[in-house]
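# Coordinate inspection notes
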Amino acid sequence: TLGHFAYALVSGHVKEMEEWALTRPMTAAEYEFAKQHLTTVKTTHQSDLRKTTTSSSSRHGLNLSDFVVLQLLRQGRLSMETFNVLKKDFELLDKDKTGVLSLEEATDGIQAKYGQLVQGINDFSKV
């Protein structure tokens, strides 16, 4: 039918655009954008008693997680709005502000944020 043809046509186009985004070289502008807006990893310097934190990417470049996020943005699979929501969630979970989630931060934070929803789903699935 016409609907199936349209679906196949659109799916093919989306797949081609995703492949194009993955195979074309990263531009300097994309790299700088990622360094300025995507990097979240922070390292604590042991030599400073005040625990100064600096972005590790500013010294070394993009890390794997930044690269993956950039590629998802390039493919159109992730919007900046969604990224900003996820980043804000991460920052709320990161209680000690190290830029790294401990098991406790991750599990306690998820339980606190989604506990009622998860409990409701569990209760519903028992019916």
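Everything that follows concerns the structure shown earlier in this document.
Quick look at the structure, then.

The rules behind the values
Residues numbered from 1 in each chain as written. Predicted model: local features only at pLDDT ≥ 70, side-chain atom pairs only at ≥ 80, totals over all residues. Heavy atoms only, no water. Helix = DSSP H or I, 4+ residues; strand = E, 2+ residues; numbered from the N terminus. Buried < 20%, exposed > 50% of the residue type's maximum accessible area, 1.4 Å probe, protein only. Contact = heavy atoms within 4.5 Å. Patch = residues over 30% accessible without salt bridge, like charges linked within 9 Å, V, L, I, M, F, W, Y side chains within 5 Å. Areas by Shrake-Rupley, 256 points an atom, 1.4 Å probe, with all protein chains shown as cover. Salt bridge = Lys/Arg side-chain N within 4 Å of Asp/Glu carboxyl O. Phe/Tyr/Trp six-rings, centres within 6.5 Å; stacked < 30°, edge-to-face > 60°. Lys NZ or Arg CZ within 6 Å of the ring centre and 35° of its normal. Axes fitted to C-alpha atoms, helices over the stretch in contact; angles between N-to-C directions. Parallel < 35°, antiparallel > 145°, perpendicular 65-115°, else oblique. Left-handed = near helix turned anticlockwise from the far one by under 90°. Nonpolar A, V, L, I, M, F, W, Y, C, P; charged D, E, K, R; others polar.

Let us now look at the overall build of the chain. When you go through the chain residue by residue, the secondary structure sums to 6 helices and 2 strands. Counting helices and strands in the order they occur from the N terminus, the chain gives α-α-β-β-α-α-α-α. The 127 residues of the chain split such that 20% are buried. Look at the contacts in the chain between residues 6 or more apart in sequence, and 48% of them connect residues 24 or more apart.

Quick look at a nonpolar patch on the surface now. Taken together, the side chains of Leu64, Phe67, Val68 and Leu72 present a nonpolar region at the surface, about 350 Å² in accessible area. The topology assignment puts Leu72 in helix H4 (residues 64-75).

Per the counting criterion, the structure on display carries 0 aromatic pairs. Above the face of the Trp20 ring, Arg24 is positioned so that its terminal group lies 4.6 Å from the ring centre.

Turning to the pattern of salt bridges, a few remarks are in order. Evaluated as defined, the whole model comprises 3 salt bridges. Residues Glu19 and Lys15 are paired through a salt bridge, measuring 3.2 Å at the closest nitrogen-oxygen approach. In this pair, Glu19 and Lys15 both sit in helix H1 (residues 2-23), 4 residues apart, roughly one turn of the helix. For Glu19, a relative accessible area of 41% puts it in the partly exposed group. Several salt bridges share partner residues, and in doing so they unite Arg24, Glu30 and Arg74 into one network.

This part is about the packing of H1 against H4. Packed helix pairs are specified by the crossing angle of their axes together with the interaxial distance, meaning the distance between the axes. Contact geometry for H1 and H4: axes closest at 8 Å, N-to-C directions at 140 degrees. Classified by the angle between their axes, H1 and H4 sit oblique to one another. Here the hand of the crossing between H1 and H4 comes out right-handed. On H4, the residues touching Glu18, Ala21 and Leu22 of H1 are Gln71, Arg74 and Gln75. Taken together, the residues of the contact of H1 with H4 sort by class into 2 nonpolar, 2 polar and 2 charged.

Moving on, we get to the side chain of Gln71. Relative to the helices and strands, Gln71 resides in helix H4. Once residues lying within four places of it in the same chain are set aside, the contact partners of Gln71 are Ala21 and Leu22.

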